[in-house]
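A structural walkthrough
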Amino acid sequence: MPTARERVTSILYVEDEAEARELIGNLLSEEHRHLRIIIAADGAEGLTLFKEHRPQIVVTDIRMPVMDGLTMAGHIRDMDQEVDLIALSAYSDTSFLVRAIELGFSNYVFKPVNFSKLLTALNRIIKVRELKHRFSEQNELLRISEQRLQATFDQAAVGIGHVAMDGSFLRINDKYCAIAGCNTGSVPGTIYDFTHPEDLPGCRTHHELLLEGKQRSYSLEKRYVHNEITLWASLTVSMVQDRSGKDSFMVAIVDDITQRKILEQEIAELNRALSVRAEELEDANRDLTAFNYTVAHDLRQPLNLISGYCQAVSMTCGKMLNEDCREFLQKAFEGTVKMNKLVNALLEFAEMAHAEPKQETVDLSREAEEIAAELARSEPQRQASFIIAPGLSAQGDSQLLRAVLANLLGNAWKYSAERLETLIEFGSIVREGRSVFYVRDNGIGFDAAQTKEIFVPFRRLQGAPRTGGFGIGLATVERIIKRHGGEVWAEGEPGHGATFYFSLP
């Protein structure tokens, strides 16, 4: 049903005089091109057209055949209390005027019609309706905005409260209530209620600074205590000013951070435990290093003694010994030499755990070429080929990275000894956007199931007993590469060689 809040979209004009109807109708259409002008010849037709089109303004003659204007207006008023009525009549009978007033006619224009006066009356009605419509729209927008604000306030995931200047709550949502103490059966009256006693002084100090204008907002972490339960919360309070710039009230936002505090405590406890464990491990490492040096020193003296006596017996009594005894003596001497090498290898491996890599540019290609030449000179009878990619370099410790290449190339040399022709390659590829170095050989290879054991100290692959070694070369490689922040891994196939990869940051 049309209401006064609606814009004017159509006007019903009812007039029984054909000449006046055509003239006024044309003038209305010309003056209000954006409106629909509906024209009727009598009250009955006018009532029918009103029911069909529901115009917002009715301009009608009073005296008409079939149905007069006042009767028609009475029926229209029963259907729509907000329609605007304008009467046109050549009669000034008081009874007509009184009846028109009772029916709510807003204007009365005498005939002959002064179109200027009629137009003024229409424009005034249209303007009033437009203002009412805009006001209604604004009120509706305001109502929707307030509704949304209220829903946001009530359903927010954090606690929200409006606080008066004295700290008392003007308004508080359920979430704030739950955090600050509503589940005790009473709503907090001020921002201080249910606050942990140890946190009260800080809260009051910040509140006073806010009132004095020394700060516009503050944030802190505080505790609430209710039902013998302590909750941690993050609280932010901000001052709000009115249109004149005067401090009006405060907005307090609170969030439950109890779980975060519990996790922080657990992490702190874990860090303390890890720190203690790290110190224990550091002590253990120092003790182990000291033990290694002690063992090395204590072992070397008897080994040197045994080695010396073996040589002395061989030199002084060798001719008096039979062949078996001389062989036994030689094996004992060789055992002391091997034992000395093992002691040195153990010491070098232990030192790798404490070596701090330097950062310098290392020419890996040149280092590989030097190591390859040394290997070739050590066994000149072997048919061997080395393919060293030129121009390969990396950032790291030159001595430690040389040890990596020495172990990898030496390992390749050792495990390809049974080939008629040894082929060892050192190069670089790009994998997942980073440079990766590799050492590849055509040696005995290894089973994929052994991959995890390759870098474990003192674990030697199948074939190692025939070629010697102590099983710590690859473990040393892994330790050095990890000290540089890189990675090392291997791929191989039994009888088809092996490839060892390493990357550096």
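Refer to the structure presented above.
Let me begin by describing the structure that accompanies this report. (Residues numbered from 1 in each chain as written. Predicted model: local features only at pLDDT ≥ 70, side-chain atom pairs only at ≥ 80, totals over all residues. Heavy atoms only, no water.)

1. Comments concerning the overall build of the chain
What counts, and what does not: Here a helix means four or more residues in a row that DSSP labels H or I, a strand means two or more in a row labelled E, and each is numbered from the N terminus. Summary of the burial criterion: residues with accessible area below 20% of their type's maximum are buried, those above 50% are exposed, and those between are partly exposed, where the area comes from a 1.4 Å probe applied to protein chains only. Should any heavy atoms of two residues lie within 4.5 Å, those residues are counted as being in contact.
Along the backbone of the chain there are 13 helices and 17 strands. Residue burial in the chain is summarised as follows: out of 505 residues, 38% are buried. Contacts in the chain between residues at least 24 apart in sequence constitute 61% of all its contacts with a sequence separation of at least 6.

2. Looking at the pattern of salt bridges
For the record, the criterion: Should a side-chain nitrogen of Lys or Arg be within 4 Å of a carboxyl oxygen of Asp or Glu, the pair is scored as a salt bridge.
All told, the structure shown has 22 salt bridges when counted by the stated rule. In this structure, Arg-143 and Glu-140 form a salt bridge, with 2.6 Å as the shortest nitrogen-oxygen distance. Linking Arg-143 with Glu-140, this pair stays in helix α5 (residues 115-155), spanning three residues, or about one helical turn. Here Glu-370 ties to Arg-402 by a salt bridge, and the two come within 3.0 Å at their closest N and O atoms. With Glu-370 in helix α10 (residues 364-378) and Arg-402 in helix α11 (residues 398-415), this pair connects stretches of sequence that are 32 residues apart. Looking at Glu-370, the relative accessible area reads 37%, which means it is partly exposed. With a relative accessible area of 23%, Arg-402 lands in the partly exposed category.

3. A look at the sheet that holds strand β16 (residues 487-492)
The condition that has to hold: Should DSSP find at least two bridges between two strands, the strands are taken to pair. Axis definition: a line fit to C-alpha positions, over the contact stretch in the case of helices; interaxial angles, taken between N-to-C directions, run 0 to 180 degrees.
Reading across from one edge, β12-β14-β15-β17-β16 is the order of the five strands in this open sheet, with mixed pairing throughout. Edge positions in the sheet fall to β12 (384-388) and β16, since each has one partner strand and no second. Taken pair by pair, the neighbouring strands of this sheet meet at an average axis angle of 20°, ignoring direction. In this structure, strand β14 (residues 422-431) lies alongside strand β15 (residues 434-441), joined through eight bridges in antiparallel fashion. Residue Val-430 lies in a different strand from β15, and its bridge partner there is Ser-435. Helix-sheet contacts for α11 involve β12, β14, β15 and β17 (498-503), and the interaxial angle to β17 is about 170°.

4. Structural notes on the environment of Gly-202
Assignment of secondary structure puts Gly-202 in helix α7 (residues 200-211). Between the alpha carbons of Gly-202 and Glu-221 there is a distance of 10.0 Å; along the sequence they are 19 residues apart.

5. Overview of the packing of helix α2 (residues 43-53) against helix α3 (residues 69-79)
Where we set the bar: With respect to orientation, any angle under 35 degrees is reported as roughly parallel, any angle over 145 as roughly antiparallel, any angle of 65 to 115 as roughly perpendicular, and every other angle as oblique. Rotating anticlockwise by less than a right angle from the far helix to the near helix defines a left-handed crossing, while the corresponding clockwise rotation defines a right-handed one. Think of it as three bins: nonpolar holds Ala, Val, Leu, Ile, Met, Phe, Trp, Tyr, Cys and Pro, charged holds Asp, Glu, Lys and Arg, and polar takes everything else, Gly as well.
At their nearest, the axes of α2 and α3 sit 9 Å apart, and the two run at 15° to each other. Here α2 lies roughly parallel to α3, going by the angle between them. Judged by the twist between their axes, the crossing of α2 over α3 is right-handed. On α3, the residues that touch Gly-43, Gly-46, Leu-47, Phe-50 and Lys-51 of α2 are Met-72, His-75, Ile-76 and Met-79. Residue composition of the contact of α2 with α3, by class: five nonpolar, three polar and one charged.

6. Some words on the side chain of Arg-77
Which entries qualify depends on this criterion: When charges are counted, Lys and Arg are positive and Asp and Glu negative, with His and the chain ends excluded.
Examined against the element boundaries, Arg-77 turns out to sit in helix α3. No salt bridge is formed by the buried Arg-77; its nearest oppositely charged neighbour, Asp-80, is found at 5.9 Å. Every residue in contact with Arg-77, bar those within four places of it in the chain, is listed here: Glu-82, Val-83, Leu-85, Leu-103 and Gly-104.

7. Digging into the packing of helix α1 (residues 18-31) against α5
Where α1 contacts α5, the axes come no closer than 12 Å and their chain directions differ by 45°. By the angle class used here, α1 and α5 are oblique. Of the two elements, α1 crosses α5, and the hand of that crossing is right-handed. The segment α1 lies against α5, with Ile-24, Leu-27, Leu-28 and Glu-31 engaging Phe-115, Leu-118, Leu-119 and Leu-122. Taken together, the residues that form the contact of α1 with α5 break down as seven nonpolar, no polar and one charged.

8. Regarding the packing of aromatic side chains
The description of an aromatic ring pair uses the distance of the two centres, along with the angle that the planes make with each other. In plain terms, the rule: Each pair of aromatic rings taken from Phe, Tyr and Trp, with Trp reduced to its six-membered ring, is defined by centres within 6.5 Å and is described as stacked if the planes are under 30 degrees apart, edge-to-face if over 60, and tilted in the remaining cases. Counted as over-ring charges are cases with an Arg CZ or a Lys NZ within 6 Å of the ring centre that also lie within 35 degrees of the ring normal.
This structure, assessed with the given rule, holds seven aromatic pairs. Arranged with centres 5.0 Å apart and planes meeting at 75°, the rings of Phe-169 and Tyr-176 form a pair that is edge-to-face. We classify Phe-169 as buried; its relative accessible area is 15%. Overall, the relative accessible area of 1% leaves Tyr-176 in the buried class. Aromatic ring contacts, followed pair by pair, group Phe-426, Phe-437 and Phe-502 into a single cluster. Cation over ring: Arg-382 sits above Trp-413, and NZ or CZ is 3.7 Å from the ring centre. Taking the ring centre of Tyr-501 as reference, the NZ or CZ of Arg-431 above it sits at 5.0 Å.

9. As for the sheet that holds strand β5 (residues 105-110)
Ordered in space as β2-β1-β3-β4-β5, the five strands form an open sheet in which the pairing is parallel. Of all strands in the sheet, those bounded by a partner on one side alone are β2 (36-40) and β5. The mean inter-strand angle of the sheet, taken between neighbouring strand axes irrespective of direction, is 15°. As paired strands, strand β3 (residues 57-61) and strand β4 (residues 84-89) are joined by five bridges and run parallel to one another. Bridge pairing in β4 places Val-59 opposite Ile-86. Across the sheet, α1 touches β1 (10-14) and β2, and the angle it forms with β2 is around 170°.

10. Describing the side chain of Asp-441
Rules: Here a polar contact means two N or O atoms within 3.5 Å. Within protein one must be a hydrogen donor candidate and the other an acceptor candidate, and residues neighboring in sequence count only if both atoms are side-chain atoms.
With respect to the secondary-structure elements, Asp-441 resides in strand β15. The side chain of Asp-441 sits in the buried core without any salt bridge; Arg-419 is the nearest counter-charge, 7.1 Å away. A polar atom in the side chain of Asp-441 sits 2.7 Å from the backbone nitrogen of Gly-443. Once residues within four sequence positions are removed from consideration, Asp-441 is found in contact with Ala-412, Leu-423, Ile-424, Gly-497 and Ala-498.

11. Considering the nonpolar core
For clarity, the threshold we go by: What makes a nonpolar core is a set of buried Ala, Val, Leu, Ile, Met, Phe, Trp, Tyr and Cys residues whose side-chain atoms join them at distances within 4.5 Å.
Judged by nonpolar contacts, the single largest core of 34 residues is most densely connected at Phe-426 and Phe-502. For this core, the secondary structure elements donating two or more residues are α10, α11, β14, β15, α13 (473-483), β16 and β17. Top contributing element to this core by residue count: α11, with nine residues. Each residue touching Phe-426, except ones within four places of it in the same chain, is listed here: Leu-364, Ser-365, Ala-368, Ile-387, Ile-388, Ala-389, Leu-392, Leu-405, Phe-437, Tyr-438, Val-439 and Phe-502. Core analysis: the second largest hydrophobic core is formed by 23 residues, Val-58, Met-67, Met-72 and Ala-87 among them.

Scope: geometric values only; no functional claims are made or implied.
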